[in-house]
Amino acid sequence: MKKIIFSFLLILVFFCPQKSLAENSDFKADIASGISTFSANITDKNIPENFTFKAEVIKVLEERTVNREDGSKDVQQNLLLRGLGGQFKSQEITYIGIGDFDVVSVGAYREGDHVYVDLIASENGENVFFVTDYDRTGWLYLLVFIFIAITIVVGGRKGFRSLLALLLSFAIIIFWMVPWLLKGFNPLLIAVLGALIVMAIIIYLTDGFNRKAHLAVLTVFISLILTLLFALIFTWLTRLSGFSSEEATLLIGTSAGKINFQDLLLAGILIGAVGVLDDIVLGQIQAVEEIKLANPKLAVGEVFRSAIRVGQTHLGAIINTLFLTYAGVALPLLILFYVSPAGSTTDFFQVINNDTIATEIVRTLVGSIGLMLSMPIATYLASRFLEKPVRPQP
């Protein structure tokens, strides 16, 4: 058990994107207008043009509070930093963050804070540095550890198997789905196969290799196909572009140019639906098993109706969870539309017609439809094909 938990944490460390922002100089140039910039007296020709490293805040040299027109405030700082890795280890850098730029930051830095610093070679050959973000990975690792510990303590052996299934699912998405998508293969096909494999791993690892698990996998497959059909129809009818998210627009012009963004949107809808399918499907099959165990003489129709009543209560909570999850993600965007400039004629219908909002609406409703359909499918298959269990002897 300890070895698997250690492997889980090791993979999280391995995938920590510490240098991802340093790989795209154009992206850095865009950041320059939104993050404070500065130059330092370090001119080592052996330093690569784009480089990311960690640094520690040794001292806050100067601090200034900027009052914005809307009444909000921003804190700008000049900092003395010490490099913690790479060619800048133990070197001191003066960060000039006070300037004319009105920037969005994570707040004021304090002595002892660890930050990420990016270096870019400017056109005149000087080294330009950016303090890009606070280093929060240590706290994230602590949260992951707490999550693992609570899952094992509360869930026991099944909780441990769920963690293992989560790890394998993550590996499939990173090592199988993403590479095939980058090669230009059909995102829909990759999403259906990947989602089915992920669900099969989760179900078989948590519930074992038995008829109940087989019925759950079959239900998930049928539900995914139905979800895909609804997603195809309404993505086409609403003419969604697939560029509603900032992440999608960043893929334009990269090595991922072969990707069909509408299909990628559909793939995202499927993957999002999978996250809640196993809950309702396994819950319904378990309800059928308990009903048959309580009264083995019930006919298939009676078992089905009894289990449906159980599922209807569960379904309402699941749909609300799904909707609120998407609403929470889109909340800043909703606020942005609400506080439109004075004199704007933007109304409710124009807001929901926006490509980004419409995408979230389609994503939420299609996922909910697939979820709702999975409930009667799982209930019928379990009522019809699940063997009547034998009551365990005391």
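Up top is the structure.
Not measured: the values here are computed from a predicted model.

Conventions we followed
Residues numbered from 1 in each chain as written. Predicted model: local features only at pLDDT ≥ 70, side-chain atom pairs only at ≥ 80, totals over all residues. Heavy atoms only, no water. Phe/Tyr/Trp six-rings, centres within 6.5 Å; stacked < 30°, edge-to-face > 60°. Buried < 20%, exposed > 50% of the residue type's maximum accessible area, 1.4 Å probe, protein only. Lys NZ or Arg CZ within 6 Å of the ring centre and 35° of its normal. Salt bridge = Lys/Arg side-chain N within 4 Å of Asp/Glu carboxyl O. Helix = DSSP H or I, 4+ residues; strand = E, 2+ residues; numbered from the N terminus. Core = buried A, V, L, I, M, F, W, Y, C linked by side-chain atoms within 4.5 Å. Contact = heavy atoms within 4.5 Å. Axes fitted to C-alpha atoms, helices over the stretch in contact; angles between N-to-C directions. Parallel < 35°, antiparallel > 145°, perpendicular 65-115°, else oblique. Left-handed = near helix turned anticlockwise from the far one by under 90°. Nonpolar A, V, L, I, M, F, W, Y, C, P; charged D, E, K, R; others polar.

(A) Broad picture of the packing of aromatic side chains. In total, this model carries one aromatic pair according to the counting rule given. Ring plane angle 35° and centroid distance 5.0 Å describe the contact between Tyr204 and Phe209, whose orientation is recorded as tilted. Here Phe209 falls in the exposed class, since its relative accessible area comes to 68%. The residue whose ring lies beneath Arg384 is Phe385, and the NZ or CZ to ring-centre distance is 5.3 Å.

(B) Structural view of the pattern of salt bridges. Counted by the stated rule, this structure contains three salt bridges. Ionic pairing is found between Arg136 and Asp133, a salt bridge with its closest N-O pair at 2.9 Å. For Arg136, a relative accessible area of 34% gives the class partly exposed.

(C) Up close: the side chain of Lys212. Position of Lys212 among the secondary structure elements: in helix 5 (residues 211-238). A residue is classified by how much of its surface remains accessible, and Lys212, at 15% relative accessible area, is buried.

(D) Expanded view of the nonpolar core. Counting residues in hydrophobic clusters, the biggest one holds 50 residues, and the most contacted among them are Ile203, Val220, Leu224, Val281, Ile285 and Leu371. Looking at this core, the elements with two or more residues in it are helix 3 (137-182), helix 4 (187-207), helix 5, helix 7 (261-294), helix 8 (300-329) and helix 11 (355-385). Top contributing element to this core by residue count: helix 7, with 14 residues. Beyond its immediate chain neighbours, meaning those up to four positions away, Leu224 contacts Val192, Ala195, Leu196, Leu270, Val274 and Leu277. Of all hydrophobic cores here, the second largest spans 15 residues; its members include Phe53, Leu81, Phe88 and Ile93.

(E) Structural detail: the packing of helix 3 against helix 4. The interhelical angle for the contact between helix 3 and helix 4, taken along N-to-C directions, is 165°, at an axis separation of 8 Å. One finds that helix 3 runs roughly antiparallel with respect to helix 4. Considering only the axes of helix 3 and helix 4, their crossing is right-handed. Only Pro187, Ile190, Ala191, Leu193, Gly194, Ile197, Val198, Ile201, Ile202, Leu205, Thr206 and Asp207 of helix 4 make contact with helix 3, whose side of the interface consists of Lys158, Arg161, Ser162, Leu164, Ala165, Leu168, Ser169, Ile172, Trp176, Met177, Trp180 and Leu181. Class assignment for the residues of the contact of helix 3 with helix 4 results in 17 nonpolar, four polar and three charged.

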